[in-house]
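Spelled out from the first residue to the last, the chains are:
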Amino acid sequence: MARTSILLILLVRAGSGALMGQTKAQAQSPPQSGFDSFILLVAPRDTITIKRQLRAATDEVAQAESRRQQAETMRLGARGRIESKKVEMVRIKEKISLAKKENREADRVGLEAERKAAEREKGLFERREELRQAEIEIETARGELAGLTQKALQLELQLAVRRAGRLRKPIGGAGGASLDQVIGELEKQTLEAQRAQAEYDPIVANQEIKVIDRRLELLQAQQELLGGK
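Rules and cut-offs
- Within every chain, residues take consecutive numbers counted from 1 along the sequence as written.
- Local features in this predicted model are restricted to residues whose pLDDT is 70 or higher, and side-chain atom pairs enter the listing and the counts only when it is 80 or higher, whereas totals over whole chains, interfaces and linings include all residues.
- In computing side-chain properties, one takes all heavy atoms of the structure into account and sets aside hydrogens as well as water.
- Helix and strand definitions here come from DSSP, where helices need a minimum of 4 consecutive H or I residues and strands a minimum of 2 consecutive E residues; each element is numbered from the N-terminal end.
- Note on classification: 1.4 Å probe, protein chains only; a residue is buried when its accessible area is under 20% of the maximum for its type, exposed when over 50%, partly exposed between these limits.
- Between two residues, a contact is recorded if the distance between any of their heavy atoms is within 4.5 Å.
- Each accessible area is a Shrake-Rupley result for a 1.4 Å probe, and residues are judged covered by the shown protein chains and nothing else.
- The quantity known as pLDDT measures the predictor's confidence residue by residue, on a range of 0 to 100.
- Each nonpolar core is a collection of buried residues, namely Ala, Val, Leu, Ile, Met, Phe, Trp, Tyr and Cys, held together in the definition by side-chain atoms within 4.5 Å.

## Overview of the overall build of the chain
Counting its secondary structure elements, the chain contains four helices and zero strands. Secondary structure elements of the chain occur, N-terminal to C-terminal, as α-α-α-α. For the chain, with 229 residues in total, the buried portion stands at 26%. By sequence separation, contacts in the chain at least 24 residues apart represent 85% of the contacts at least 6 residues apart. Accessible area of the chain: about 15,500 Å², with a carbon and sulfur share of 56%.

Structure representation (structure tokens):
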């Protein structure tokens with residue numbers, strides 16, 4: 001009987017200690033609201049940083065369009081030089097034919113050299129036109145990406161403002177739940193916009209590779225023209 005009493009006392013003490021430890025842990029843990037208990041899938045950022053990036057994205061949209069127009073102007077210039085060179089080559093060929101008929105071999109040889117030089121120059125202008133076209137395409141892509149970035153940042157800014165308002169003025173009941181739903185929907189839209197932005201990054205990267213390839217081709221054409229090949 002004495003043994004049973006001692007065992008009972010020990011069990012009661014152990015249970016009381018566990019209960020006190022649990023109560024203490026709960027008292028030390030921060031209170032959780034319905035809003036804080038959810039994982040924030042869009043990492044919180046301060047509005048100053050978001051606004052600065054938003055201004056940069058807006059500027060990039062305008063700058064990309066300006067660069068695209070400049071590349072278009074230069075492409076048209078290269079196209080004009082190509083057409084002019086075509087006319088020149090037709091006239092040279094006519095002179096070559098006439099020199100053959102009149103047996104003016106020295107003139108024919110000189111004209112053939114002019115024809116080859118004109119062909120090389122025409123090839124150079126064609127490479128320039130292709131480069132300008134690639135630049136037009138990449139600036140278009142950069143403008144599209146900047147627009148997608150702009151949209152994602154606008155949504156993120158709205159989300160940050162809503163979150164800040166939610167934390168400053170905790171709302172209970174139906175009002176709090178409704179605001180949390182708005183924040184959740186903004187978070188979803190922000191993630192979707194960020195996904196669209198990320199999907200477009202490889203498109204811009206591919207266009208950048210294309211521009212570099214066109215530059216390499218133009219460099220080769222210039223070297224061939226200088227080398228007389």
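## Thoughts on the confidence of the model for the chain
When pLDDT is averaged across the chain, the result is 84; 78% of the residues are at 70 or more. Averaged over each element, pLDDT in the chain is lowest for helix H1 (residues 2-28) (40) and highest for helix H2 (residues 47-101) (96). Ignoring residues within four places in sequence, the model shows residues 1-37, a span with pLDDT below 50, making nine contacts including any to other chains.

## A look at the environment of Ile-96
Among the secondary structure elements, Ile-96 is positioned in helix H2. Taking the relative accessible area as the measure of exposure, Ile-96 reaches 5% and is therefore buried. Between the alpha carbons of Ile-96 and Arg-108 there is a distance of 5.3 Å; along the sequence they are twelve residues apart.

## As for the environment of Glu-114
Here Glu-114 is to be found in helix H3 (residues 105-168). Accessibility expressed as a relative area gives 45% for Glu-114, which makes it partly exposed. When the C-alpha positions of Glu-114 and Lys-93 are compared, they lie 9.7 Å apart, and in sequence the two are 21 residues distant.

## Quick word on the nonpolar core
Listed in full, the eight residues of the largest apolar core are Val-42, Ala-152, Leu-155, Leu-159, Leu-179, Ile-183, Leu-186 and Ala-193. If you list the elements that add at least two residues to this core, you get H3 and helix H4 (173-227). The leading source of residues in this core is H4, at four residues. Setting aside residues no more than four positions away along its own chain, Leu-159 makes contact with Val-42, Ile-183, Leu-186, Glu-187 and Thr-190. By size, the runner-up hydrophobic cluster in this structure holds seven residues, among which are Ala-134, Ile-138, Val-211 and Ala-221.

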